[in-house]
Each structure stands twice: as C-alpha cells, then as structure tokens.
Amino acid sequence: MAADKQNEGKLSLTDENKENSSDGGIGLEILQIIKESQQQHGLRHGDYQRYRGYCSRRLRRLRKTLGFKMGNRHKFVGKKINVEMLSDSRYLLLVLMEAERAWSYAMQLKQEANTEPRKRFHLLARLRKAAKHSEKLEKLCESPRVDAKTKLEAQAYTAYLTGMVEFELQEWKRAMEAFNKCKTIYEKLASAFTEELAIQYCQRVEEISPNIRYCAYNIGDQNAINDLMQMRLTGGGGGMMAEKLETLITQARTKQAATMSEVEWRGRTVPVKIDKARIFLLGLADNEAAITQAANEETKEHLYETLLAECRDTIQAVREELKSEAKQRERSNEGDCGKTSNLQFLHSYLTYIKLCTLVKRNECMAHALQAKLKEIVTDESKRGPRPQDLIRLYDIILQSLAELSTLQGLEDDHIFQKEVSLKILVYKAYRCFFIAQSYVLVKKWSEALVLYERVLKYAKEVQSKSKSLNNSLKDLPDVQELIAEVNAEKYSLQAAAILDTDETPEVPTQQQVKDNTPLCEHLDNFRIDPTLVGKHPNLVQFPPDFQPIPCKPLFFDLALNHVAFPPLDDKVEQKGKGGLTGYIKGIFGFGS
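Residues numbered from 1 in each chain as written. Predicted model: local features only at pLDDT ≥ 70, side-chain atom pairs only at ≥ 80, totals over all residues. Heavy atoms only, no water.

An unreviewed UniProt entry annotates the protein chain as Signal recognition particle subunit SRP68 of Cynoglossus semilaevis. UniProt annotates the protein chain under Function (unreviewed entry) with the comment "Component of the signal recognition particle (SRP) complex, a ribonucleoprotein complex that mediates the cotranslational targeting of secretory and membrane proteins to the endoplasmic reticulum (ER). The SRP complex interacts with the signal sequence in nascent secretory and membrane proteins and directs them to the membrane of the ER." The record in UniProt for the protein chain states the following under Sequence similarities (unreviewed entry): "Belongs to the SRP68 family." (UniProt positions renumbered as here; feature names shortened; annotations may be inferred.)

Dropping the structure here:
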C-alpha cells in the first residue's frame, strides 16, 4: 500500500503536467492518463479491485484539492460540475475518474459472474453508470474553453463505454456502431499527432477491432469468422473477447456436430453418440491446423494446452458413459463377450489423440531447447538450457508412448504395436544422445563414448525396422541426421579426451605458491604475497590457537579416616560429682 501511494503521488504530478499542457484551452490527455493509471495500479495483472481502490482514493484527493466536497461527515450534499466551473482541467479529471471507477467495478463483477451469475445484473448497472459519467464528460468538453483534441478523446471514450454496454446487452448493431465511431476517432488522432502518441491510439484501435468483428459475425457477416479465427492464431482478442471467441467456436462446432454420427480409426467404424465427443472430433482438424500455422512458440504452446484441456474433458465424459454402461451390464447379467465395446474403443481413440498431442508438444519444446543450446551464451549470469532439460522432455515422451502400447482394443493390432515400438526406439536414441552430451560437459569421456555407441545402435535398429513400415517415420525426427551428428561428436570427443590426458599441470614456483600461512610463520622464506599490501594483510593468526598448560595440583587427605588419635583424658579437666547438694550450690552461685 505504501508503494501504491508513492506511485499515486508521482502519477498525480505527471497528470497535472498532462492536464494543463495545451495552449489553446483546457486540455486533458484522457487515453494516456487512463492507460498509465491502469498499468501502474493492478490491470497489468488483471486486478480490477486494486484499480477501483486507486480511483476512489484519487477522487478523494481531487475533491479535497479543489474544495469540491460533497457535504461533511454528517450530511451528504450532492454537487454537479457545470461548464462555469471549468477553470481547471482537474474538474474534467474528476469526472473521468468517476467513470473509470464504475468501469473497473463492472470488470471486477464480470470476473466474479463466472461463478455467481446474479452479479451480471450489478455488472450492467455499473457499466451504464460508467457510460453516464463519460457522457457527462463529453458534454463538459463541448465548452469553448476545452481544446479540440480533448473533445475528440472524450467522444471516443464515450463511444467505447457505450459500445461496452451494448456489447454486454448483446445489441450487436448498436455496439458495432459505437465501436466503429471510437475506432474512427482514434485513427484520425493517430494520423494527426506524433509517432509516440500515435502508438497509444493504434493500440486502442487493435483492442477494439476484435469486438467489431465479433459484432459483425453476430449480425450475420459470415466472413468475420475467418478474421476471428486468424486473430485466435496470432494471440489477439485477449480479456473479455477470449471467452467470447471460444464460445463462438464451440457454437459453430455444435451446429456441425448434428451431422456427425461416426468416426473411423484403425479400420473400425465407431458410432459417436456423445455430443461433447462430436464437438471435439469436429474441431480436431481445425486445432491441428491452427497449431501448424501458429506465429510463435508462445501461441503454439497456448493452442496445445487448449487442445489437451478439451481432450481431457471429452475423455472424462466418455469415462462417465462407460461407468453407466458397466452398471447396465451388471443389471442385465451380461458377461464380457471378449470384444472391445464401441464406447471403450472410442475412449481408446481419444486417449490416443491426447497422448500423441502430448508427444508433439514435448517434441516442439525439445526443438526450441535444442535451438537455444546451439546459441552462443553472451551473458554468463543467466542460466541457459542444459542437456538435462532435454532428457526430462524425452522421458515424458517415452512414458506417453509406453501408455500408447497398452491401449485397450489394440493389443492384437501388430502393426500398431510395431509403430509404437519404432517410435520408442527413435526417442530412446535422442534421449541417449543428450545423456552423452551431459557426460561430455563433466569430462567423462569414456561414459559419453559408450553412450554415443548406444545411440548408433538404436539408430541402425530403427533403420532396419523402418523398411517394413514405410509411413511410420514421416512424423518422427530424422535418424540419419542424428547418426551424422553422433559421428561428428565422437571425433571431437576423442580429440578432447587426448588433449585432456596430455595436459600436465604446471608446477608453480615457490615464489608464486598461494599459501594462507601468516607472515610471522615464514619470516625466513621470501614469498610474493599480494595480500600483504592490501586492506586485509595476513600478518598473524588471530585469534591464536589454544596451547596446553600445566594445571594446578589438587591435594586429597586420604589417610584421615584411618588414623588413630592419642588419648587426651589427662589433658581434660575432670568435673566432680556433686549430686543434689552441688545442684543447689550451683543455683545460688556457691560453687562458682
């Protein structure tokens, strides 16, 4: 919170400069202010609640600074900002912050509405409130005291919030008109000002474009779906549009799923009666094409994760149907006929898709790591990729392939089992290759050489087995390239091993021996020790070592209990026996 308040103070000073920078009247950099405020106060991480708190605190400070208080602590007295008050641009900023606070609250409620649908009504109310404040800002900016740029930005801001309200109400035509108006204004502003300001306006236009395409699709423009799909490939349409886009794709596939009734795999036709499985299988080809056309590794990774999540959900739905089918068999007392049921075979097919996708994803990550391994590291402080990272990826790939060979319904499919075993051999060769490279890094030459020989053995075995399976190696890495790389590595390894054995350590002269003994212990020997002229010279050892010293003797009288003392009766005075007479004399003092 302290850091937030410091940032708010800094931002307030910069905003004051932005508010009063215009010479032709009162000016306010609306888009720049809201973008910087959003980035510095929570929206970089999607924290709308934090941004709403910032807007409330900013409003309180502005009202206090301008003396524009709404009554006192005991009574609320509402006040409205009118055109006559526009002697300071901070009055415009006050209305802008009110709109931003309402908008951020609406976006916070939108996140919470996923689990609590009733909050959608509150969401719409806050969005309408934000649009109302923006309209108020636009009316204030119509004053001749306000410069032309601020007027245009206020109109674009109002159009944007109005479009958001209509978008949530699914009034697609009106939302599209509002967004187009906003886009047009920002494009004109971008062409009229410097490149630095134009970047912000162009970014805003890119944010609005997905909404316009989505509205066009819902109005009936079928060409817009292609633009939306392309935008999904490039990673555009984040935030609110991401969910809308996924819903749109699901709806389109649901319409096509009604025509799909069966699927063929491994020479067997299986009926598909589960709607979720139909939708997934229809979109499988599109997802694979999207992954192939992905612009960068990050987008490709996101698409892989989306495909795997859909596949897991579909497998779960089929698994539930399998449980209900098993219960029905138990009730009807039907035994296992030995043949895999259609539902179980469909489950095996979906599991096959999931495992193959996992293999492709990990192989894609391995290729990216291999490319980074070959790069020359310039910054030694940063930890780069190591062969151990690739070993882990190939371990996961081998585990997925091992699961493929145990799929139910494919135990007797010998061609499938041979294909899987061939793939296992290929990835074993690559895993063994990177294990050898990890041994090379620690100069264990003999172990690395043995592992390179094992790689060649696996590669030759793959080449011999692949003659009967011509189509099995089309999706696998090229084994011939691996063989050539291993041969090259073997020669360089042998040369490095010979050089390592020929190197004899240089025997340092007596003068250059690095010795940690203090100066007082080798005063008779001359040594060059640079530390003696430094800040911490090693002169004497401190604290000194402990040395043994003689202890103080202790004497114990052991003969005391065994000594017989001489009698002393003659030395002791004998008292007379007085009896009662002596007692009486003692009382009265006669005997003393």
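So that's the structure; there's more coming.
K.L.:
Can you walk me through the overall build of the protein chain in this structure?
P.N.:
Check the secondary structure of the protein chain and you find 18 helices and two strands. Here the protein chain holds 592 residues, and 39% of them are scored as buried. Put simply, of all contacts in the protein chain between residues at least 6 apart along the chain, 66% involve residues at least 24 apart. Summing over all exposed atoms, the protein chain offers an accessible surface of approximately 37,500 Å²; the carbon and sulfur share of this is 52%. (Helix = DSSP H or I, 4+ residues; strand = E, 2+ residues; numbered from the N terminus. Buried < 20%, exposed > 50% of the residue type's maximum accessible area, 1.4 Å probe, protein only. Contact = heavy atoms within 4.5 Å. Areas by Shrake-Rupley, 256 points an atom, 1.4 Å probe, with all protein chains shown as cover.)

K.L.:
Teacher, can you tell me more about the pairing of strand 2 (residues 268-271) here?
P.N.:
Looking along a regular strand, one sees the side chains alternate between the two faces of the sheet. Burial along strand 2 is one-sided: the face carrying Arg268 and Val270 is buried and the face carrying Thr269 and Pro271 is not. By the bridge criterion, four bridges tie strand 1 (residues 262-265) to strand 2 in an arrangement that is antiparallel. When the bridges of strand 2 are listed, Val263 appears paired with Val270. (Pairing = 2+ DSSP bridges.)

K.L.:
For this particular structure, what's the right way to read the pairing of strand 1?
P.N.:
Residues Val263 and Trp265 point to one face of strand 1 and are all buried, whereas Glu262 and Glu264, pointing to the other face, are not buried. Here strand 1 folds back onto strand 2 in antiparallel fashion, the turn holding two residues, of which Arg266 has a positive phi close to 55 degrees.

K.L.:
Hey, could you run me through the packing of helix 2 (residues 30-40) against helix 6 (residues 148-168) in this one?
P.N.:
Packed helices, taken two at a time, are described by their axes: the angle between them and the distance between them. Their axes nearest at 9 Å, the elements helix 2 and helix 6 cross at an angle of 55 degrees. Between helix 2 and helix 6, the interaxial angle falls into the category oblique. Residue-level contacts link Ile30, Leu31 and Ile34 of helix 2 to Thr150, Glu153, Ala154 and Tyr157 of helix 6. For the contact of helix 2 with helix 6, the class distribution of residues is five nonpolar, one polar and one charged. (Axes fitted to C-alpha atoms, helices over the stretch in contact; angles between N-to-C directions. Parallel < 35°, antiparallel > 145°, perpendicular 65-115°, else oblique. Nonpolar A, V, L, I, M, F, W, Y, C, P; charged D, E, K, R; others polar.)

K.L.:
Just to check I follow, could you spell out the nonpolar core for this structure?
P.N.:
The tendency in soluble globular proteins is for nonpolar side chains to be buried as a group. The biggest cluster of nonpolar side chains holds 73 residues, and the ones touching the most others in it are Leu281 and Leu346. Every element with two or more residues in this core is listed here: strand 1, helix 11 (275-292), helix 12 (297-332), helix 13 (342-374), helix 14 (387-404), helix 15 (414-441), helix 16 (445-465) and helix 17 (479-502). In terms of residue count, the dominant contributor to this core is helix 15 (14 residues). Per-domain counts for this core show at least three residues from each of domain 2 (260-329 + 341-372) and domain 3 (388-498). Within the second largest apolar cluster, 65 residues are counted, among which are Leu28, Leu31, Tyr91 and Leu197. (Core = buried A, V, L, I, M, F, W, Y, C linked by side-chain atoms within 4.5 Å. Domains from an automatic or database assignment.)

K.L.:
How should I be thinking about a nonpolar patch on the surface in this particular structure?
P.N.:
Among the surface-exposed residues, Leu539, Val540 and Phe542 lie close enough to one another that they form a single nonpolar patch of about 350 Å² accessible area. By the element assignment, Phe542 lies in the loop between helix 17 and helix 18 (579-588). (Patch = residues over 30% accessible without salt bridge, like charges linked within 9 Å, V, L, I, M, F, W, Y side chains within 5 Å. Salt bridge = Lys/Arg side-chain N within 4 Å of Asp/Glu carboxyl O.)

K.L.:
Help me understand the pattern of salt bridges in this model?
P.N.:
Side chains that differ in charge, positive against negative, can pair when their charged atoms come close. Under the defined criterion, the tally for this structure stands at 18 salt bridges. The salt bridge involving Arg174 is made with Glu166; its shortest N-O contact spans 3.8 Å. Look at Arg174 and you get partly exposed, because its relative accessible area is 47%. Assessed through its relative accessible area of 14%, Glu166 is described here as buried. Ionic pairing is found between Arg266 and Asp413, a salt bridge with its closest N-O pair at 3.2 Å. Of the two residues, Arg266 sits in the loop between strand 1 and strand 2 while Asp413 sits in the loop between helix 14 and helix 15, which places them 147 residues apart along the sequence. Here the salt bridges share partners, and the residues they tie into one network are Lys35, Arg204 and Glu207.

K.L.:
Just to check I follow, could you spell out the packing of aromatic side chains for this structure?
P.N.:
The description of two aromatic rings rests on the distance between their centres and on the angle between their planes. Inspection of every chain in the model, using the stated rule, returns 18 aromatic pairs. Residues Tyr186 and Tyr201 carry aromatic rings whose centres are separated by 5.9 Å and whose planes lie at 25 degrees to one another, so their mutual orientation is stacked. Taken together, the residues span a long stretch of sequence, with Tyr186 in helix 7 (residues 172-192) and Tyr201 in helix 8 (residues 195-219) at a distance of 15 residues. With a centroid separation of 5.0 Å and 40 degrees between ring planes, the pair formed by Trp265 and Tyr352 is classed as tilted. Note that Trp265 is positioned in strand 1 and Tyr352 in helix 13, a separation of 87 residues in sequence. Each residue in the set Tyr394, Tyr427, Tyr430, Phe433, Phe434 and Tyr452 is aromatic and connected to the rest through ring pairs, giving one cluster. Its guanidinium or amino end placed over the ring of Tyr105, Arg52 lies 4.0 Å from that ring's centre, counting from NZ or CZ. (Phe/Tyr/Trp six-rings, centres within 6.5 Å; stacked < 30°, edge-to-face > 60°. Lys NZ or Arg CZ within 6 Å of the ring centre and 35° of its normal.)

K.L.:
How should I be thinking about the packing of helix 7 against helix 8 in this particular structure?
P.N.:
The N-to-C vectors of helix 7 and helix 8 enclose an angle of 160 degrees; their axes lie 9 Å apart at closest approach. It follows that helix 7 is roughly antiparallel to helix 8 by the angle criterion. Considering the relative orientation of helix 7 and helix 8, their crossing is left-handed. Its residues assigned to classes, the contact of helix 7 with helix 8 comprises 18 nonpolar, four polar and four charged. (Left-handed = near helix turned anticlockwise from the far one by under 90°.)

K.L.:
Before we go on, may I ask you to explain helix 8 in this structure?
P.N.:
Each α-helix winds once per 3.6 residues, and so residues spaced three or four apart point in a common direction. With 25 residues, helix 8 extends 35 Å between its outermost C-alpha atoms, agreeing within 8% with the 36 Å of an ideal straight helix rising 1.5 Å per residue. At Ile208, helix 8 shows its largest kink, close to 25 degrees, and the proline Pro210 lies no more than four residues downstream. Of the residues one or two after helix 8, Gly220 is the one with positive phi, at around 135 degrees. (Expected span 1.5 Å × (residues − 1). Bend = angle between axes of the 7 residues up to and from the residue.)

K.L.:
What should I look at first to understand the environment of His41 in this one?
P.N.:
Locating His41 in the fold gives a position in the loop between helix 2 and helix 3 (48-66). Relative accessible area serves as the criterion here: at 1%, His41 is assigned to the buried category. Separated by eleven residues in sequence, His41 and Arg52 have C-alpha atoms that sit 8.9 Å apart.

K.L.:
I'm lost on the environment of Pro385 in this one. Help?
P.N.:
In this fold, Pro385 is placed in the loop between helix 13 and helix 14. Looking at Pro385, the relative accessible area reads 25%, which means it is partly exposed. Separated by eleven residues in the primary sequence, Pro385 and Lys374 place their C-alpha atoms 9.7 Å from one another. In this view, Pro385 contacts Leu369, Lys372 and Leu373; residues no more than four positions away in its chain are not counted.

K.L.:
Explanation requested: the environment of Leu43 in the structure shown.
P.N.:
With respect to the helices and strands, Leu43 occurs in the loop between helix 2 and helix 3. We classify Leu43 as buried; its relative accessible area is 16%. When the C-alpha positions of Leu43 and Ser104 are compared, they lie 9.4 Å apart, and in sequence the two are 61 residues distant. Those residues in contact with Leu43 that sit more than four places away from it in its chain are Gln38, Tyr48, Tyr51 and Trp103.

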